[in-house]
Amino acid sequence: MTADDAWKMAAHYCQTGQFAPAEQLFRYVLEQQPNHVASLHGLGMILVKKGDTRGAISCLCRAVEGQPNNADYWNDLGGAYHQIKAHAEAAAACEQAIRLRPGLASAHMNLDRKSTR
(Lines give C-alpha, C1' and ligand atoms only; values in the text may rest on other atoms or scores of the structure.)
Protein backbone atom coordinates (compact mmCIF):
# COMPACT_ATOMS: atom_id res chain seq x y z
CA MET A 1 0.00 0.00 0.00
CA THR A 2 1.36 3.42 -0.89
CA ALA A 3 1.58 6.20 1.67
CA ASP A 4 -1.01 8.19 -0.31
CA ASP A 5 -3.44 5.26 -0.29
CA ALA A 6 -2.92 4.79 3.43
CA TRP A 7 -3.49 8.50 4.08
CA LYS A 8 -6.74 8.46 2.10
CA MET A 9 -7.95 5.45 4.05
CA ALA A 10 -6.94 7.07 7.35
CA ALA A 11 -8.81 10.26 6.45
CA HIS A 12 -11.89 8.19 5.61
CA TYR A 13 -11.67 6.34 8.92
CA CYS A 14 -11.43 9.67 10.76
CA GLN A 15 -14.50 10.98 8.99
CA THR A 16 -16.46 7.90 10.04
CA GLY A 17 -15.22 7.99 13.65
CA GLN A 18 -13.00 4.92 13.35
CA PHE A 19 -9.98 6.37 15.09
CA ALA A 20 -8.03 3.20 15.93
CA PRO A 21 -7.50 2.11 12.31
CA ALA A 22 -6.95 5.74 11.31
CA GLU A 23 -4.19 6.05 13.90
CA GLN A 24 -2.50 2.90 12.62
CA LEU A 25 -2.63 4.18 9.05
CA PHE A 26 -1.33 7.64 9.95
CA ARG A 27 1.56 5.97 11.76
CA TYR A 28 2.19 3.78 8.70
CA VAL A 29 2.34 6.87 6.48
CA LEU A 30 4.73 8.56 8.89
CA GLU A 31 7.00 5.52 8.84
CA GLN A 32 7.21 5.95 5.07
CA GLN A 33 7.23 9.75 5.02
CA PRO A 34 8.16 11.18 8.45
CA ASN A 35 7.24 14.74 7.48
CA HIS A 36 3.86 13.99 5.89
CA VAL A 37 2.11 17.05 7.25
CA ALA A 38 -1.48 15.90 6.86
CA SER A 39 -0.69 12.65 8.69
CA LEU A 40 1.07 14.55 11.47
CA HIS A 41 -2.04 16.68 11.86
CA GLY A 42 -4.40 13.70 11.71
CA LEU A 43 -2.38 11.72 14.23
CA GLY A 44 -2.17 14.76 16.47
CA MET A 45 -5.93 15.16 16.49
CA ILE A 46 -6.42 11.47 17.30
CA LEU A 47 -3.92 11.75 20.16
CA VAL A 48 -5.90 14.71 21.54
CA LYS A 49 -9.02 12.52 21.57
CA LYS A 50 -7.08 9.73 23.31
CA GLY A 51 -5.83 12.10 26.01
CA ASP A 52 -2.20 12.01 24.89
CA THR A 53 -2.01 15.76 24.70
CA ARG A 54 1.77 16.01 24.85
CA GLY A 55 2.09 13.54 21.98
CA ALA A 56 -0.56 15.51 20.11
CA ILE A 57 1.32 18.77 20.63
CA SER A 58 4.48 17.18 19.27
CA CYS A 59 2.67 16.09 16.10
CA LEU A 60 0.79 19.36 15.70
CA CYS A 61 3.96 21.43 16.14
CA ARG A 62 5.58 19.44 13.36
CA ALA A 63 2.46 19.94 11.23
CA VAL A 64 2.54 23.73 11.61
CA GLU A 65 6.28 23.70 10.88
CA GLY A 66 5.50 21.90 7.63
CA GLN A 67 2.55 24.14 6.75
CA PRO A 68 3.04 27.41 8.61
CA ASN A 69 0.23 29.09 6.67
CA ASN A 70 -2.45 26.59 7.69
CA ALA A 71 -4.78 28.40 10.08
CA ASP A 72 -6.65 25.23 11.01
CA TYR A 73 -3.44 23.53 12.13
CA TRP A 74 -2.52 26.53 14.30
CA ASN A 75 -5.99 26.60 15.83
CA ASP A 76 -5.86 22.89 16.63
CA LEU A 77 -2.43 23.36 18.20
CA GLY A 78 -3.90 26.12 20.35
CA GLY A 79 -6.67 23.79 21.49
CA ALA A 80 -4.12 21.14 22.46
CA TYR A 81 -2.05 23.66 24.42
CA HIS A 82 -5.19 24.74 26.23
CA GLN A 83 -5.77 21.19 27.43
CA ILE A 84 -2.47 21.20 29.32
CA LYS A 85 -3.15 24.73 30.59
CA ALA A 86 -0.29 26.23 28.57
CA HIS A 87 -2.34 29.36 28.09
CA ALA A 88 0.37 31.61 26.64
CA GLU A 89 1.22 29.04 23.98
CA ALA A 90 -2.47 28.43 23.31
CA ALA A 91 -3.12 32.14 22.84
CA ALA A 92 -0.10 32.55 20.55
CA ALA A 93 -1.23 29.64 18.35
CA CYS A 94 -4.80 30.95 18.11
CA GLU A 95 -3.57 34.46 17.36
CA GLN A 96 -1.46 33.05 14.53
CA ALA A 97 -4.52 31.23 13.19
CA ILE A 98 -6.46 34.51 13.25
CA ARG A 99 -3.63 36.38 11.50
CA LEU A 100 -3.73 33.77 8.76
CA ARG A 101 -7.53 33.65 8.51
CA PRO A 102 -9.22 36.55 10.32
CA GLY A 103 -12.68 35.04 9.89
CA LEU A 104 -11.85 31.70 11.53
CA ALA A 105 -14.58 31.72 14.16
CA SER A 106 -13.28 28.72 16.09
CA ALA A 107 -9.91 30.44 16.59
CA HIS A 108 -11.65 33.51 17.99
CA MET A 109 -13.71 31.31 20.32
CA ASN A 110 -10.62 29.37 21.40
CA LEU A 111 -8.74 32.60 22.03
CA ASP A 112 -11.61 33.97 24.12
CA ARG A 113 -11.84 30.70 26.05
CA LYS A 114 -8.12 30.68 26.74
CA SER A 115 -8.03 34.25 27.95
CA THR A 116 -10.87 33.73 30.44
CA ARG A 117 -9.32 30.81 32.34
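Before reading on, note that the structure itself is shown above.
So, here's what we can say about the structure. What you see is a predicted model, and the numbers here were worked out from it, not measured in a lab.

**Side note on the overall build of the protein chain**
Secondary structure assignment for the protein chain yields seven helices and zero strands. Mapped from its N terminus to its C terminus, the protein chain presents α and β elements in the order α-α-α-α-α-α-α. What you see for the protein chain is a C-alpha radius of gyration of 14 Å, in line with the 13 Å of a compact globule of 117 residues. Along the longest, intermediate and shortest principal axes, the C-alpha atoms of the protein chain span 45 × 25 × 25 Å. The 117 residues of the protein chain split such that 45% are buried. Within the protein chain, counting contacts between residues at least 6 apart in sequence, those at least 24 apart form 40% of the total. A total accessible area of about 6,300 Å² is found for the protein chain, and carbon and sulfur atoms account for 52% of it. Side chains of the protein chain carry 12 positive and 11 negative charges; the gap between the two charge centres is 6 Å.

The rules behind these values
Residues numbered from 1 in each chain as written. Predicted model: local features only at pLDDT ≥ 70, side-chain atom pairs only at ≥ 80, totals over all residues. Heavy atoms only, no water. Helix = DSSP H or I, 4+ residues; strand = E, 2+ residues; numbered from the N terminus. Rg over C-alpha atoms; globule rule 2.2 N^0.38 Å. Buried < 20%, exposed > 50% of the residue type's maximum accessible area, 1.4 Å probe, protein only. Contact = heavy atoms within 4.5 Å. Areas by Shrake-Rupley, 256 points an atom, 1.4 Å probe, with all protein chains shown as cover. Lys, Arg positive; Asp, Glu negative; His and termini not counted. Charge placed at Lys NZ, Arg CZ, Asp CG, Glu CD.

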